[in-house]
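Summary of structural features
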Amino acid sequence: MVGNIQIQNVNKSFDEVHVLNNFSLDIEPGSFVSLIGPSGCGKSTLLRIIGGLEKSYEGAVFLDGEKISKAGSDRGFAFQGSNLFPWLTVKGNVAFGLKARKIYKEKKQDVNEIINLVGLSGFENSYPHQISGGMQQRASLARALVGHPKVLLLDEPLGALDAFTRMNLQDEILRIKKENNMTMLMVTHDVDEAIYMSDRVVVMSARPSKVEAVIDIELPKPRARIQDAFAIYRNKILEILNYGGKIPEVEYTI
């Protein structure tokens, strides 16, 4: 199995702001790991480092024993917004990376297969403005998946969607993962989403960020969204993030 990520003593600063502090983490191949933590703690920065999009940092990151030094087709990236090219159809957007790498002719069939995989058959020739936000996000996922990456990096890919569309796409991502057995690493601010989707939840501290806790989600899959065990994990994560306290009582005087 491929897709093992090793993050070793990564330090990252932006000007005078120290974001990641000696950050180390091992991500097992084929696992689904969520990163959760306060805003500005470096979650998205860490994803960009793994994706090879951020190169100015100390430490090292490895994929299957090879040091990551640049972006590559072995890592797919899906962002919070769909980031589709408005002048291209769904099929054109999905095929864009293959054409840029000049391998479209031999991989042409993969485009249709991936579009079918994410449930967009029949919308291949539609433009982004002609489809819903959820469908745009599906197209973005297809674009990230078409190169058959070892690792899929998800930077709050569902954050802008309504609750019902979000839940449907959570299930779609899990189905895709099961069918392709790839490693997935997701940034999210939604504790319940992290519990529902992940094998492990990595709680990051405020910046300069380090690993505050790694929580194994020991619930059978597929998971029910409403179950008592969710509350136990949710409370544990919120307590680590210092959001587990009670609202202080307010004294009133007349």
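Preceding this paragraph is the structure being described.
The rules behind the values
Position numbers for residues start from 1 in each chain and track the written sequence from start to end. At least 70 in pLDDT is required for a residue's local features to be given in this predicted model, at least 80 for side-chain atom pairs to be given and counted, and no such filter applies to totals for whole chains, interfaces and linings, which use all residues. Excluding hydrogens and water, the side-chain figures rest on all heavy atoms present in the structure. Note on definitions: angles span 0 to 180 degrees between N-to-C directions of axes, and those axes are lines fitted to C-alpha atoms, for helices only across the stretch in contact. Here a strand is any run of E in DSSP of at least two residues, a helix any run of H or I of at least four, and the numbering for each starts at the N terminus. Roughly parallel means an angle under 35 degrees; roughly antiparallel means over 145; roughly perpendicular covers 65 to 115; every other angle is labelled oblique. What makes a crossing left-handed is the near helix being turned counterclockwise from the far one by less than a right angle; a clockwise turn instead makes it right-handed. Note on definitions: a residue-residue contact is assigned when non-hydrogen atoms from the two residues lie within 4.5 Å. Any Lys or Arg side-chain nitrogen found within 4 Å of a carboxyl oxygen on Asp or Glu counts as a salt bridge. Burial here depends on accessible area, computed with a 1.4 Å probe over protein chains only, as a share of the maximum for the residue type. Under 20% is buried, over 50% is exposed, and the range in between is partly exposed. The aromatic pairing rule takes the rings of Phe, Tyr and Trp, using the six-membered ring of Trp, and pairs them if the centres are within 6.5 Å, calling planes under 30 degrees apart stacked, those over 60 edge-to-face and the rest tilted. Placement of a charge over a ring requires the Lys NZ or Arg CZ to be within 6 Å of the ring centre, with the centre-to-atom vector within 35 degrees of the ring normal. What a helix should span is 1.5 Å times the count of its residues minus one. Think of it this way: the bend at a residue is just the angle between two axes, each fitted to seven residues, one set ending at that residue and the other starting at it.

1. Some details on the packing of helix 2 (residues 90-100) against helix 4 (residues 133-145)
- In contact at an axis separation of 7 Å, helix 2 and helix 4 are set at 25° when each is read in the N-to-C sense. It follows from the interaxial angle that helix 2 and helix 4 lie roughly parallel. The crossing of helix 2 and helix 4 is right-handed. Here Val 90, Asn 93 and Val 94 of helix 2 lie close against helix 4, whose contacting residues are Ala 139, Ala 142 and Arg 143.

2. A closer look at the pattern of salt bridges
- Evaluated as defined, the whole model comprises 14 salt bridges.
- Here Arg 166 ties to Asp 190 by a salt bridge, and the two come within 3.9 Å at their closest N and O atoms. Placement of the pair is Arg 166 in helix 5 (residues 163-180) and Asp 190 in the loop between strand 8 (183-187) and helix 6 (191-197), with a sequence separation of 24 residues.
- Exposure remark for Arg 166: the relative accessible area of 15% places this residue in the buried category.
- Residue classification places Asp 190 among the partly exposed positions, given a relative accessible area of 27%.
- Note that Lys 221 is salt-bridged to Asp 199, the shortest N-O span being 2.8 Å. Of the two residues, Lys 221 sits in the loop between strand 10 (211-216) and helix 7 (228-240) while Asp 199 sits in the loop between helix 6 and strand 9 (200-204), which places them 22 residues apart along the sequence.
- Judged by its relative accessible area of 44%, Lys 221 falls in the partly exposed class.
- Salt bridges linked by common partners bring Arg 138, Glu 172, Arg 175 and Glu 179 together as one network.

3. Comments concerning the side chain of Asn 93
- Looking at where Asn 93 falls in the secondary structure, it is placed in helix 2.
- The buried category is assigned to Asn 93, whose relative accessible area is 0%.

4. A closer look at the packing of aromatic side chains
- Under the defined criterion, the tally for this structure stands at three aromatic pairs.
- Here the aromatic rings of Phe 85 and Phe 96 are separated by 4.7 Å at their centres, their planes lie at 55°, and the arrangement is tilted. Here Phe 85 is found in the loop between strand 6 (75-78) and helix 2, whereas its partner Phe 96 is found in helix 2, with 11 residues between them in sequence.
- The exposure class assigned to Phe 85 is partly exposed, which follows from its relative accessible area of 23%.
- Under the relative-accessibility criterion, Phe 96 is labelled partly exposed at 41%.
- Sitting above the plane of the Phe 14 ring, Lys 12 keeps its charged end 4.6 Å from the centroid.
- The cationic tip of Arg 225 hangs over the ring face of Tyr 196; the distance from NZ or CZ to the ring centre is 3.9 Å.

5. What to know about helix 3 (residues 104-117)
- With 14 residues, helix 3 should cover 20 Å at 1.5 Å per step; its first-to-last C-alpha distance of 18 Å lies within 8% of that length.
- Asp 110 marks the point of greatest bend in helix 3, at about 25°.
- What helix 3 keeps buried is the set Tyr 104, Asp 110, Val 111, Ile 114, Ile 115 and Leu 117.
- Each element contacted by the buried residues of helix 3 is listed here: helix 2, helix 4 and helix 5.

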